[in-house]
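Read off the chains here:
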Amino acid sequence: MVAFFLWALQRSIHFRFEHPWLLFLLPLAGLAIYFIYQWIGKSAEKGNSLILEQIQEDGGVVPARMAPLILITTLMTHVFGGSAGREGTAVQMGGSIASMFNGLFKLKAEDRKVMLIAGIAAGFGAVFGTPLTGAVFALEVLTKGRIRYNAFLPGLFAALLADATVDAWTVSHQHYRIDELPLYADEFSRMLHFDFPLALKVMLAAVAFGLASYLFTRLINEIKGLSNRVFKHKWMIPVVGGLVIIALTQFVGKPDYLSLGVDPEYPGAVTLQSAFHLGGSDSWSWLWKTVYTAVTVGTGFKGGEVTPLFYIGATLGNTLSGMMNAPVSLFAALGFIAVFAGATNTPLACTIMGAELFGAEHLVFFALACFIAYLCSGYIGIYGPQASAKGSTYLRRKLSRYFTSQN
């Protein structure tokens, strides 16, 4: 299912590249998505939140219709230019298929939960080509600050087999590379084989990554809340959201912030790949993508938020590298994983993702960036039903209260 989805998604995006006028039909696509879920979707409209709720409760039931609905509506979002991701689609398909097996084998409540966790791991690991990250993400995303280790092996096996299946269908993933770093600048760093001045820059950048995560999550929540208060007829919400995306694109003057942001629509476009190179991003690309995605997801379009978070982090890292005189590709990679860590409250999974995507050479920097961003992102996230562990850190609670008081 994920292999087919990735194949269809790429063709949908390139079809829009060839027919840019499709963007002007985005409001109609939003309207169609709204009525699809009203007439057929029912509880499936809750998406990832429904899966997390079912794992935390005893039911463990996810409707089978969730998989085809999220597949179709995600492709609709992207073919008409909505700025959304793809992880939500893969996770929901994984959860829906896992729930079907729960019913087939008549599993007990605890085993149903483990099966749903394995479904999340398989979907996430396969869609990004990061099976170990998928397994850890599926455990870490359930509860802030706590991991259920009993489901790790089932999740890992599911993610490994799912990733191998996608590879067997010759569906490829994007590859990113961190350039070789210069030698240590000072004697102390050379003696200890660790670049302390660079580590300080990473820590400062991580604070910015955490604040970007907070802005992204808060903006989505505010748009959802405002839309529900303003519009009496809810079908108007995606229509207005589509119109706003069209207006933003006309104002910006280029289509770089539509859809995934992975493949370039034209030579010189700002993409995830270009952010790893000097001059490959505009100074405010990260903010534009934040606004585009918050409007798209906040008004009811489908697909998820993770790939846009990668884009936001990588372009912000590109901008910060110029301000701090730091390695561009390293800071793009750090932003790539750290903004995601802050928005999903999964710093361990994102640290592992850094190693799977970019190699383990900079693992310490990955951990610094992800955990500091997590601490600075406020005690909210893009997945509402995440439970909170009793042992949440004092620092994070204080930071969350500070951010709340400022707003």
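Residues numbered from 1 in each chain as written. Predicted model: local features only at pLDDT ≥ 70, side-chain atom pairs only at ≥ 80, totals over all residues. Heavy atoms only, no water.

Q: Lay out the nonpolar core with the relevant residues and their values.
A: Counting residues in each nonpolar core, the largest one holds 119 residues, and the members touching the most others are Phe209, Phe331, Leu334, Phe336, Phe340, Met353 and Phe358. The dominant element in this core, judged by the number of residues it contributes, is helix H14 (residues 328-344), at 12 residues. Residue contacts for Phe358: discarding those within four places in its chain leaves Tyr176, Ile178, Phe276, Ala333, Phe336, Ile337 and Phe366. (Core = buried A, V, L, I, M, F, W, Y, C linked by side-chain atoms within 4.5 Å. Buried < 20%, exposed > 50% of the residue type's maximum accessible area, 1.4 Å probe, protein only. Helix = DSSP H or I, 4+ residues; strand = E, 2+ residues; numbered from the N terminus. Contact = heavy atoms within 4.5 Å.)

Q: Can you break down the pattern of salt bridges residue by residue, with the values?
A: Throughout the structure, instances matching the rule amount to five salt bridges. Here Arg177 and Asp179 are joined by a salt bridge, their closest N and O atoms 3.2 Å apart. A salt bridge links Lys254 to Asp282, with the shortest nitrogen-to-oxygen separation between them at 2.5 Å. Remark: Asp282 occurs in the loop between helix H11 (236-252) and helix H12 (285-298) and Lys254 occurs in the loop between H11 and H12; sequence separation between them is 28 residues. Exposure remark for Asp282: the relative accessible area of 33% places this residue in the partly exposed category. (Salt bridge = Lys/Arg side-chain N within 4 Å of Asp/Glu carboxyl O.)

Q: Now, about a nonpolar patch on the surface: what can you tell me, with residues and values included?
A: On the surface, Trp21, Phe24, Leu25 and Leu28 cluster together to form a nonpolar patch covering roughly 430 Å² of accessible area. By the element assignment, Leu28 lies in helix H2 (residues 26-41). Classification of Leu28 as exposed rests on a relative accessible area of 56%. (Patch = residues over 30% accessible without salt bridge, like charges linked within 9 Å, V, L, I, M, F, W, Y side chains within 5 Å. Areas by Shrake-Rupley, 256 points an atom, 1.4 Å probe, with all protein chains shown as cover.)

Q: Can you lay out the environment of Ala341 for me, pointing to particular residues and giving the numbers?
A: Here Ala341 lies in helix H14. Since its relative accessible area comes to 0%, Ala341 is described here as buried. It is 8.3 Å that separates the C-alpha atoms of Ala341 and Gly210, two residues lying 131 residues apart in sequence. Residues contacting Ala341, with those up to four places away along its chain left out, are Thr346, Pro347, Cys350 and Cys370.

Q: Pulling in residues and values, what's your account of the packing of helix H10 (residues 196-230) against H12?
A: One can describe the packing of H10 onto H12 by two numbers: an axis separation of 9 Å at closest approach and a directional angle of 35 degrees. When the axes of H10 and H12 are compared, the crossing they make is right-handed. Contact with H10, carried on its side by Leu215, Phe216, Leu219, Ile220, Ile223 and Lys224, involves Trp286, Leu287, Thr290, Val291, Thr293, Ala294, Val295, Val297 and Gly298 of H12 and no other residues of that element. When its residues are assigned to classes, the contact of H10 with H12 shows 11 nonpolar, three polar and one charged. (Axes fitted to C-alpha atoms, helices over the stretch in contact; angles between N-to-C directions. Left-handed = near helix turned anticlockwise from the far one by under 90°. Nonpolar A, V, L, I, M, F, W, Y, C, P; charged D, E, K, R; others polar.)

Q: Residues and numbers for the packing of helix H1 (residues 2-18) against helix H4 (residues 66-79), please.
A: Following both chains from N to C, one finds H1 and H4 inclined at 25 degrees, their axes separated by 8 Å at the closest point. Relative to H4, H1 is oriented roughly parallel. The interaxial crossing formed by H1 with H4 has right-handed handedness. Contacts between H1 and H4 involve Phe4, Phe5, Ala8, Leu9, Ser12, Ile13, Phe15 and Arg16 from the first element and Leu71, Thr74, Leu75, His78 and Val79 from the second. A breakdown of the residues in the contact of H1 with H4 according to their chemical character gives nine nonpolar, three polar and one charged. (Parallel < 35°, antiparallel > 145°, perpendicular 65-115°, else oblique.)

Q: Mind laying out the packing of aromatic side chains, listing which residues take part and the relevant values?
A: Working definition: an aromatic ring pair is given by the centre-to-centre distance plus the angle between the planes. For the structure shown, the criterion picks out 22 aromatic pairs. Pairing Phe124 with Phe128 gives two aromatic rings, centres 5.0 Å apart and planes at 65 degrees, and the pair type is edge-to-face. On the criterion of helical spacing, the pair formed by Phe124 and Phe128 is a turn pair, its members being four residues apart in helix H6 (residues 109-128). According to the relative accessible area criterion, Phe128 is buried, its value standing at 8%. Plain terms: the ring middles of Phe310 and Phe336 are 4.2 Å apart, the flat faces sit at 15 degrees to each other, and that makes the pair stacked. (Phe/Tyr/Trp six-rings, centres within 6.5 Å; stacked < 30°, edge-to-face > 60°.)

Q: So what about unusual backbone geometry? Which residues, and what values?
A: Although it is not a glycine, Asn325 adopts a positive phi angle of roughly 55 degrees. Relative to the helices and strands, Asn325 is located in the loop between helix H13 (306-324) and H14.

Q: I'd like a description of the side chain of Thr293, backed by residues and values.
A: Structurally, the position occupied by Thr293 is in helix H12. Judged by its relative accessible area of 0%, Thr293 is buried. From its side chain, Thr293 meets the backbone oxygen of Lys289 in a polar contact 2.9 Å long. Setting aside residues up to four positions removed in sequence, Thr293 forms contacts with Ser83, Phe216, Gly298 and Pro308. (Polar contact = N/O pair within 3.5 Å; in protein donor to acceptor, adjacent residues only side chain to side chain.)

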